[in-house]
Amino acid sequence: MTAPARFPRFFVTNPAPCPYLPGKTERKVFTELNGSNADALNESLGRIGFRRSQNVAYRPSCEDCKACVSVRVATTNFKPNNSQKRAIRNNKDLVVTACKSWSTEEQFQLLRDYLDSRHPDGGMSEMDEIDFADMIEQSPVRTNVIEYRLPQDSQDDEGNDISGKLIGACLTDQQSDGLSMIYSFYDANNKDRSGLGNYIILDHILRARAAGLPYVYLGYWVSESPRMKYKTRYKPLEKLGPNGWEELIID
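Rules and cut-offs
Residues numbered from 1 in each chain as written. Predicted model: local features only at pLDDT ≥ 70, side-chain atom pairs only at ≥ 80, totals over all residues. Heavy atoms only, no water. Helix = DSSP H or I, 4+ residues; strand = E, 2+ residues; numbered from the N terminus. Rg over C-alpha atoms; globule rule 2.2 N^0.38 Å. Buried < 20%, exposed > 50% of the residue type's maximum accessible area, 1.4 Å probe, protein only. Contact = heavy atoms within 4.5 Å. Areas by Shrake-Rupley, 256 points an atom, 1.4 Å probe, with all protein chains shown as cover. Lys, Arg positive; Asp, Glu negative; His and termini not counted. Charge placed at Lys NZ, Arg CZ, Asp CG, Glu CD. Phe/Tyr/Trp six-rings, centres within 6.5 Å; stacked < 30°, edge-to-face > 60°. Lys NZ or Arg CZ within 6 Å of the ring centre and 35° of its normal. Pairing = 2+ DSSP bridges. Axes fitted to C-alpha atoms, helices over the stretch in contact; angles between N-to-C directions. Parallel < 35°, antiparallel > 145°, perpendicular 65-115°, else oblique. Nonpolar A, V, L, I, M, F, W, Y, C, P; charged D, E, K, R; others polar. Salt bridge = Lys/Arg side-chain N within 4 Å of Asp/Glu carboxyl O.

Brief notes about the overall build of the chain
Then, number 1: For the chain, the helix and strand inventory stands at five helices and 14 strands.
Then, number 2: Its C-alpha atoms give the chain a radius of gyration of 19 Å, within 12% of the compact-globule value 18 Å for 251 residues.
Then, number 3: Taking the principal axes of the C-alpha coordinates as reference, the chain spans close to 65 × 45 × 40 Å.
Then, number 4: The burial tally for the chain puts 43% of its 251 residues in the buried class.
Then, number 5: Sequence-distant contacts, at least 24 apart, represent 67% of the contacts inside the chain between residues at least 6 apart.
Then, number 6: Accessible surface computed for the chain: about 14500 Å², of which carbon and sulfur atoms make up 47%.
Then, number 7: Across the chain, the centroid of the 32 positively charged side chains sits 9 Å from that of the 34 negatively charged ones.

Side note on the packing of aromatic side chains
Then, number 1: One pass over the structure, following the stated rule, counts 10 aromatic pairs.
Then, number 2: These aromatic residues form a ring-pair network of at least three members: Phe-108, Phe-132, Tyr-183 and Phe-185.
Then, number 3: Between Lys-28 and the ring centre of Tyr-58, over which it is positioned, the NZ or CZ distance is 4.7 Å.
Then, number 4: Over the aromatic face of Trp-245 sits the side chain of Arg-72, whose NZ or CZ is 4.1 Å from the ring centroid.

Details of the sheet that holds strand S9 (residues 143–149)
Then, number 1: Strand order in the open sheet formed by eight strands is S8-S9-S10-S11-S12-S7-S13-S14, and the pairing between neighbours is mixed. In the strand order of this sheet, the two ends are held by strand S8 (95–100) and strand S14 (244–247), each with one partner. Geometrically, the sheet is characterised by an average inter-axis angle of 35° between neighbouring strands, direction not taken into account.
Then, number 2: Bridging between strand S11 (residues 178–186) and strand S12 (residues 215–221) involves three bridges; their strand directions are parallel. The residue bridging Leu-179 from the neighbouring strand is Val-216, located in S12.
Then, number 3: Sheet strands touched by helix H1 (residues 38–46): strand S10 (166–175), S12 and S14. Its angle to S10, the strand with the most contacts, is close to 95°.

A few points about the packing of helix H2 (residues 82–91) against helix H5 (residues 196–210)
Then, number 1: Interaxial distance between H2 and H5 falls to 9 Å at its minimum, and their mutual angle equals 90°. Judged by the angle between their axes, H2 and H5 are roughly perpendicular. Note on element contacts: H5 touches H2 through Leu-196, Asn-198, Tyr-199, Leu-202 and Leu-206, opposite Gln-84, Ala-87, Ile-88 and Asn-91.
Then, number 2: In terms of residue class, the contact of H2 with H5 is built from six nonpolar, three polar and no charged.

A short note on the pattern of salt bridges
Then, number 1: Applying the stated criterion across every chain, the model contains 13 salt bridges.
Then, number 2: Across the salt bridge formed by Arg-207 and Asp-203, the nearest N and O atoms sit 3.9 Å from each other. Within this pair, Arg-207 and its partner Asp-203 are both found in helix H5, separated by four residues, close to a single helical turn.
Then, number 3: The exposure class of Arg-207 is partly exposed, given its relative accessible area of 31%.
Then, number 4: One continuous salt-bridge network, built from bridges that share partners, spans Asp-39, Glu-43, Arg-47, Arg-142 and Asp-177.

What about the sheet that holds strand S4 (residues 28–32)?
Then, number 1: One open sheet holds the four strands; their spatial order is S1-S4-S6-S5, and the pairing between them is antiparallel. If you trace the sheet from one side to the other, it starts and ends with strand S1 (11–12) and strand S5 (51–53), each paired once.
Then, number 2: Here S1 runs beside S4; their pairing, made up of two bridges, is antiparallel. Note on S4: the bridge partner recorded for Phe-11 is Phe-30.

What to know about the pairing of S10
Then, number 1: Burial analysis of S10 places nine of its 10 residues in the buried class, which makes it a mostly covered element.
Then, number 2: In this structure, S9 lies alongside S10, joined through seven bridges in antiparallel fashion. In the sheet register, Ile-146 faces S10, and the bridge partner there is Cys-170.
Then, number 3: Pairing of S10 with S11 involves eight bridges; the strand directions are antiparallel. Note that in S11 the partner of Thr-172 across the bridge is Met-181.
Then, number 4: Between the antiparallel neighbours S10 and S11 lie two residues.

In structure tokens:
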């Protein structure tokens, strides 16, 4: 006799300060991802605006605000603009590898440098090695760490050999309809690799399209948050609204 299907139980967090809009509070609804149906549940929830963090799927459920909008890039019709073409051309020599979701000291150090440079006061600023390992390794779904390394014969300004140095990484979920970029980090102070964060997104779009996957999920976009503006550079960009996914048109 087949056991009856178990429906997920959803919970709501207590209100907390919003990380995107000053003076606002955020609240999330979430459920655990576990068991043999974790992949299917994660994908189904992803299509209605949920995101994954470790073994939890969540989405905003704020009482007085609907600013967070789920967005995804439609890879089939994506055409890079001139700036994006330069980023692809300038970084095409990087060695890109899809690694198992197992944390390394090298990855953690890169993350720490990234947070200290770009988000010193952010919610992840106190993350330690154990927290990082949990973020990378506690995944009940198909996940990789996409690593970006310098090519052979690379040297720094002082002539030191830095061949194979890790300068970028992204925790990426593999879904049947695309790639979901959970979190990316990179060497933000590398003057020779300007636009590296941009390139990591572009690489995911091109990788997804080459694999026949129609979407790259970029998480949430907040129109009033300057730090979210970069997501609108990748077109066509779709947003999730009351009537489903539709193209996001920005004047």
